[in-house]
Amino acid sequence: MLINLSNYSSSMWSEKQIKAANSQFGTIIDLPFPQINPEDANYEVDRLASEFAEKIREINFNHKMKRAETDDGVFSSNSLTVHIMGELTFCYAMIQKLQIAKIPCVASTTARNSEIDENGNKISVFEFVRFRKYF
């Protein structure tokens, strides 16, 4: 199972990214990324990260319970991974909390294709390449 904690719902992902996620992680669950106030103190960002880490543990537990009901009561190994992309200090706090809980985290890597339009505006298109584990 992949929990997508980012500003982009998996419904906005390219077909290539969805196929990669499904083949590597199975089910994709979107958890909308929180609004991070740029004025917040570190302790407020940490508190929010703790709340989201708890939500992720609850989602994981409920997913395991559903699987236990359909798999003759046998729990599968922890197959949860979190795709996390967004405001950097929140991501850092979340990744630390999830790594302590032995929950792997990944980022999506992209290739940037940029061009300048006729008005001189830079247009960047990001093409998904792969998932990379945070270490």
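Look up a bit, the structure's there.
The shown structure was predicted, so the numbers you read here are calculated from the model rather than taken from an experiment.

Once that is clear, we can look at the packing of aromatic side chains. Evaluation of the coordinates by the stated rule reveals five aromatic pairs. Note on Phe25 and Phe131: the rings are 5.5 Å apart at their centroids and 80° apart in plane angle, and the pair reads as edge-to-face. Residue Phe25 is located in helix 1 (residues 15-25), and its partner Phe131 is located in strand 5 (residues 122-133); the two are separated by 106 residues in the primary sequence. This pair shows no difference in class: Phe25 is buried, exactly as Phe131 is. Between Phe52 and Phe90, the ring centres sit 5.8 Å apart and the planes meet at 90°, which makes this aromatic pair edge-to-face. Of this pair, Phe52 sits in helix 2 (residues 42-70) while Phe90 sits in helix 3 (residues 88-100); the two residues are 38 residues apart in sequence, bridging distant segments of the chain. Taking the relative accessible area as the measure of exposure, Phe52 reaches 6% and is therefore buried. Take Phe90: its relative accessible area is 0%, and that puts it in the buried class. Positioned above the aromatic ring of Phe52, the side-chain terminus of Lys55 is 4.2 Å from the ring centre.

Conventions adopted
Throughout, residues of each chain are indexed from 1 in the direction in which the sequence is written. Totals for whole chains, interfaces and linings use all residues, but because this is a predicted model, local features are given only for residues with pLDDT of at least 70 and pairs of side-chain atoms are given and counted only at 80 or more. In computing side-chain properties, one takes all heavy atoms of the structure into account and sets aside hydrogens as well as water. Two aromatic rings, drawn from Phe, Tyr or Trp (for Trp, its six-membered ring), form a pair once their centres lie within 6.5 Å of each other, and the interplanar angle then sorts them: stacked below 30 degrees, edge-to-face above 60, tilted otherwise. The secondary structure listing takes helices from DSSP runs of H or I that are at least 4 residues long and strands from runs of E that are at least 2 residues long, numbered from the N terminus. Residue exposure (1.4 Å probe, protein chains only): buried if accessible area is under 20% of the type maximum, exposed if over 50%, otherwise partly exposed. Two thresholds decide whether a charge sits over a ring: the Lys NZ or Arg CZ must be within 6 Å of the ring centre and within 35 degrees of the ring normal.

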